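Observations on chain architecture
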Amino acid sequence: QVQLVESGGGLVEAGGSLRLSCVASGTVVSIARLQATGWYRQAPGKQREWVAGISNGGATKYADSVKGRFTISRENARSTVKNTVYLQMNSLNPDDTAVYYCAGRRLGASDYDYWGQGTQVIVSS
């Protein structure tokens, strides 16, 4: 089992930046079997959407809506029972307002199956 805890959300003006953190913790085996970590977001009245992801090997992907503005990365000093993934968000606009969720996908799983509790991001115009 893997626990995911997000932090770093808050209120920021349009054009500003925020960095979200996601700490994944668990057993040595469960962390080793974490194939990928991603960020999703859900705005009020909208469906949850995928934002970005990073694989165990470091490959990254982004939704078109955030490409060039958001950067996903992973802490270099990785523990056997914990690792941290970041989402650097620049040039924020009010459309980025949402609850941001960290998600983890186990090795061999077809979809993300671990979820954090979410962190609120509000971008004022």
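Summary of the structure given here. Predicted, not measured: the structure shown is a model, and the values here were computed from it.

Rules and cut-offs
- Residues numbered from 1 in each chain as written.
- Predicted model: local features only at pLDDT ≥ 70, side-chain atom pairs only at ≥ 80, totals over all residues.
- Heavy atoms only, no water.
- Salt bridge = Lys/Arg side-chain N within 4 Å of Asp/Glu carboxyl O.
- Helix = DSSP H or I, 4+ residues; strand = E, 2+ residues; numbered from the N terminus.
- Buried < 20%, exposed > 50% of the residue type's maximum accessible area, 1.4 Å probe, protein only.
- Pairing = 2+ DSSP bridges.
- Axes fitted to C-alpha atoms, helices over the stretch in contact; angles between N-to-C directions.

**Points about the pattern of salt bridges**
Under the criterion given, the structure shown has five salt bridges. Note that Asp 96 and Arg 41 form a salt bridge whose closest N and O atoms lie 2.9 Å from each other. Taken together, the positions of Asp 96 in the loop between strand S8 (82–89) and strand S9 (98–106) and Arg 41 in strand S4 (residues 34–42) put the pair 55 residues apart, joining distant regions of the chain. Accessibility classification places Asp 96 together with Arg 41 in one group, the buried group. Two residues, Lys 67 and Asp 64, come together in a salt bridge whose shortest N-O distance is 3.2 Å. Using a relative accessible area of 49% as the deciding quantity, one classes Lys 67 as partly exposed. Taken together, the salt bridges that share partners define one network made up of Arg 41, Glu 49, Arg 69 and Asp 96.

**With respect to the sheet that holds strand S7 (residues 70–74)**
The four strands lie next to each other as S1-S3-S8-S7, forming an open sheet whose pairing is antiparallel. A single partner strand is all that each edge strand has here, and the edge strands are strand S1 (2–7) and S7. Averaged over all pairs of adjacent strands, the angle between their axes in this sheet comes to 15°, without regard to strand direction. When S7 meets S8, the two strands line up antiparallel, connected through five bridges.

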